[in-house]
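Structural description and commentary
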Amino acid sequence: MLKKMKKNAVLFLFVVPFFLCACASSSKIAENAKTQEEPAIEPEIKEKTEESKNAESSKPISQKEPSDFEKFVSLTENLFAESIRITKSPRETVCGKNFSEAFIISVENQDGSAAANFPLTVRYPVRKGKNENGLKIEGEFEYEEIALFTNTAGIVRFVPPTPLESLYGTLFIEPTFDKNASDAEKIAEFARQFRVSAPFIVRTDKLSAGGLISLVEFSANGKPLRGNSIASSRLLTAMMRQRFTGVGNADFTDAVLSGEREKVYAEASKLLKNGWGKMTYLIYGTIKPVSSDSGAAFFIDVCAMDLADGSILFAASETETGANDMEARTNATAKIAAKLVYGL
């Protein structure tokens, strides 16, 4: 029995150390296996972070698109108030004939150098404007525009198309900008400081075409004077001084007082059929005395009718004063005659 117990004790002493040793080895093996299975997280995250930074730094920095106004300011930054000049402009021409010379425009930078390839817009009148009744009136015009560029010397020449209407207008030149831009009004206001202008004058081609005058004069108490008025004769004399020929007075008082163009045209046509010769236009209207602080004053209101079709070629009005009725009447009719030279 004692012998058997000794044998078991020896066996226990041998097995227990072996078991403990085996457990320790298994624990180390498991720990090593766990270590090998887990990836190295920190270096990889760090590497990705660096790549992201590099990618972000390589992205282009977005810049705000300049507005149309800012672009225009940049275009004109080298100019000063008198950079654009009209160095030469032609004399007046006659309706239906070209100007004898070109308009010459120069553009200069602040440092005195030529502004080469600089964009300019030329705005010029082509016909008379119309009032709410569709009548062509003095002092109002319809315009056309053309975009031009200066040459290497900063010079540009503009030859207008053949003018088809008589007018006493103005040509304008300024730096080109987009009229449809969102801030076009702001640009136009800024561009005005560089704008220049020149007379654009086209004389009538009807100086010797022949015409009629029917001007109804009113008395001081507001009643129309029948027959060929003194004012009508004064207008005839004033037109002759402006080199109109073949003009005569006619009495269309009732038709003129009606205010109806069709009646005036009918009366004039009837007269022409009765052997008054070839008359191409009719000047008709009224002249009335008005109050004045000193001396006398007359208000004259006329239309110029094309006797070929009854259309209105021109309409104008004027108030003129004088020391007495005769002088005021003469001044008023003379002013109208001068306007007819560039309006008829």
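Residues numbered from 1 in each chain as written. Predicted model: local features only at pLDDT ≥ 70, side-chain atom pairs only at ≥ 80, totals over all residues. Heavy atoms only, no water.

Right, let's talk about the overall build of the protein chain for a bit. Scanning the protein chain from N- to C-terminus turns up eight helices and 13 strands. The buried share of the protein chain, reckoned over its 344 residues, is 38%. Once local pairs closer than 6 in sequence are excluded, the contacts in the protein chain between residues at least 24 apart make up 67%. (Helix = DSSP H or I, 4+ residues; strand = E, 2+ residues; numbered from the N terminus. Buried < 20%, exposed > 50% of the residue type's maximum accessible area, 1.4 Å probe, protein only. Contact = heavy atoms within 4.5 Å.)

Ranked by size, the top nonpolar core spans 28 residues in total, and within it Ile213, Leu215, Leu235, Met239, Phe244 and Ile283 carry the most contacts. Of all the secondary structure elements, the ones that give two or more residues to this core are strand 9 (211–217), helix 5 (230–241), strand 11 (281–290), strand 12 (296–306), strand 13 (312–322) and helix 8 (325–341). Here this core takes six residues from helix 8, the largest share from any one element. In this structure, Phe99, Leu120, Val126 and Val196 belong to the second largest nonpolar core, which totals 25 residues. (Core = buried A, V, L, I, M, F, W, Y, C linked by side-chain atoms within 4.5 Å.)

Time to look at the packing of helix 5 against helix 8. The interhelical angle for the contact between helix 5 and helix 8, taken along N-to-C directions, is 45 degrees, at an axis separation of 8 Å. Considering their axes alone, helix 5 and helix 8 lie oblique with respect to each other. The handedness of the crossing between helix 5 and helix 8 comes out as right-handed. Residues Ile230, Ala231, Arg234, Leu235, Ala238 and Met239 of helix 5 touch helix 8, and the partners they reach there are Met326, Arg329, Thr330, Thr333, Ala334, Ile336, Ala337 and Leu340. Looking at the contact of helix 5 with helix 8, its residues break down into ten nonpolar, two polar and two charged. (Axes fitted to C-alpha atoms, helices over the stretch in contact; angles between N-to-C directions. Parallel < 35°, antiparallel > 145°, perpendicular 65-115°, else oblique. Left-handed = near helix turned anticlockwise from the far one by under 90°. Nonpolar A, V, L, I, M, F, W, Y, C, P; charged D, E, K, R; others polar.)

This brings us to the packing of aromatic side chains. This structure, assessed with the given rule, holds twelve aromatic pairs. Centroid distance Tyr143 to Phe172: 6.2 Å. Interplanar angle 50 degrees. Geometry classified as tilted. Within this pair, whereas Tyr143 is found in strand 5 (residues 136–149), its partner Phe172 is found in strand 7 (residues 167–175), the two being separated by 29 residues in sequence. Judged by its relative accessible area of 26%, Tyr143 falls in the partly exposed class. Looking at Phe172, the relative accessible area reads 22%, which means it is partly exposed. Taken together through their ring pairs, the aromatic side chains of Phe69, Phe72, Phe177, Phe190 and Phe194 make up a single cluster. (Phe/Tyr/Trp six-rings, centres within 6.5 Å; stacked < 30°, edge-to-face > 60°.)

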